[in-house]
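Reading the structure
Chain by chain, the residues:
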Amino acid sequence: EKSKQLCGTDEVSILYFYQRGCGQCGDEGYILDQLKQRLGDNLLVFPIDTSIEEPVVDILRAQYKIYGFPSLVIDGKTYPDYMSMQQILAEICPKYSADYGPCKGYK
């Protein structure tokens, strides 16, 4: 967020909370990989494996109220369920100042 404000970058950040053994988590990860390939440096995806015991993971889960998986946090807003590619695009595309390829028709 700070680099976006200070440097004027045109990017969206997604925290991706997943857990090993979660059926839809693999599908969500695949969608995020596809979007990252299409949007490049304009999309920052931070996968967080909640299966590992790390205090910072617990802090992030509490901060963003993550109770189920997969869950996404897009620019600070929590989305607690699986999201299709179209749903993610509908959330991230209006945040960009430019009209990037996969975002055509989502502004």
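Treat the numbers as computed from the prediction; the structure is a model and nothing was measured.

1. Quick word on the packing of aromatic side chains
Using the criterion set out here, one finds 2 aromatic pairs in the structure. Where Tyr 96 meets Tyr 100, the ring centres are 5.1 Å apart and the plane angle is 85 degrees; that geometry is what we call edge-to-face. Classification of Tyr 100 as partly exposed rests on a relative accessible area of 21%.

2. A closer look at the state of the cysteines
Enumeration over the complete set of coordinates arrives at 2 disulfides. Between the sulfur atoms of Cys 22 and its disulfide mate Cys 25 the distance is 2.2 Å. A torsion of 85 degrees about the S-S bond marks the disulfide between Cys 22 and Cys 25 as right-handed. Linked covalently through their sulfurs, Cys 93 and Cys 103 form a disulfide whose S-S length is 2.1 Å. In this structure the cystine formed by Cys 93 and Cys 103 twists about its S-S bond by roughly -75 degrees; its chirality is therefore left-handed. Taken together, the residues Cys 93 in the segment after helix H4 (85-92) and Cys 103 in the segment after H4 connect sequence positions 10 residues apart.

3. Concerning the pairing of strand S1 (residues 12-18)
The element S1 is largely enclosed, with a buried count of 6 among its 7 residues. Each parallel crossover has a hand, and the one from S1 via helix H2 (residues 23-39) to strand S2 (residues 43-49) is right-handed. Sheet topology places S1 next to strand S3 (residues 71-74); 4 bridges connect them, and they run antiparallel. By the bridge assignment for S3, Tyr 16 is matched with Leu 72.

4. Focus: the environment of Ile 66
Residue placement: Ile 66 occurs in the loop between helix H3 (55-64) and S3. Take Ile 66: its relative accessible area is 2%, and that puts it in the buried class. Contact partners of Ile 66, with chain neighbours within four places excluded, come to Phe 17, Arg 61, Ser 71, Val 73 and Thr 78.

5. Observations concerning the nonpolar core
Ile 14, Leu 43, Leu 72, Ile 74, Ile 88 and Ile 92 are the most contacted members of the largest nonpolar core, which has 21 residues in total. Looking at which element gives the most residues to this core, the answer is H2, with 5 residues. Every residue in contact with Ile 92, bar those within four places of it in the chain, is listed here: Val 12, Ile 14, Leu 39, Leu 43 and Ile 74. Counting residues in hydrophobic clusters, the runner-up holds 7 residues, among them Leu 15, Val 57, Tyr 64 and Val 73.

About the thresholds
- Residues numbered from 1 in each chain as written.
- Predicted model: local features only at pLDDT ≥ 70, side-chain atom pairs only at ≥ 80, totals over all residues.
- Heavy atoms only, no water.
- Phe/Tyr/Trp six-rings, centres within 6.5 Å; stacked < 30°, edge-to-face > 60°.
- Buried < 20%, exposed > 50% of the residue type's maximum accessible area, 1.4 Å probe, protein only.
- Disulfide = S-S within 2.5 Å.
- Helix = DSSP H or I, 4+ residues; strand = E, 2+ residues; numbered from the N terminus.
- Right-handed = clockwise from strand over helix to strand, strands pointing away.
- Pairing = 2+ DSSP bridges.
- Contact = heavy atoms within 4.5 Å.
- Core = buried A, V, L, I, M, F, W, Y, C linked by side-chain atoms within 4.5 Å.

Function cannot be inferred from these measures alone, as they are strictly geometric.
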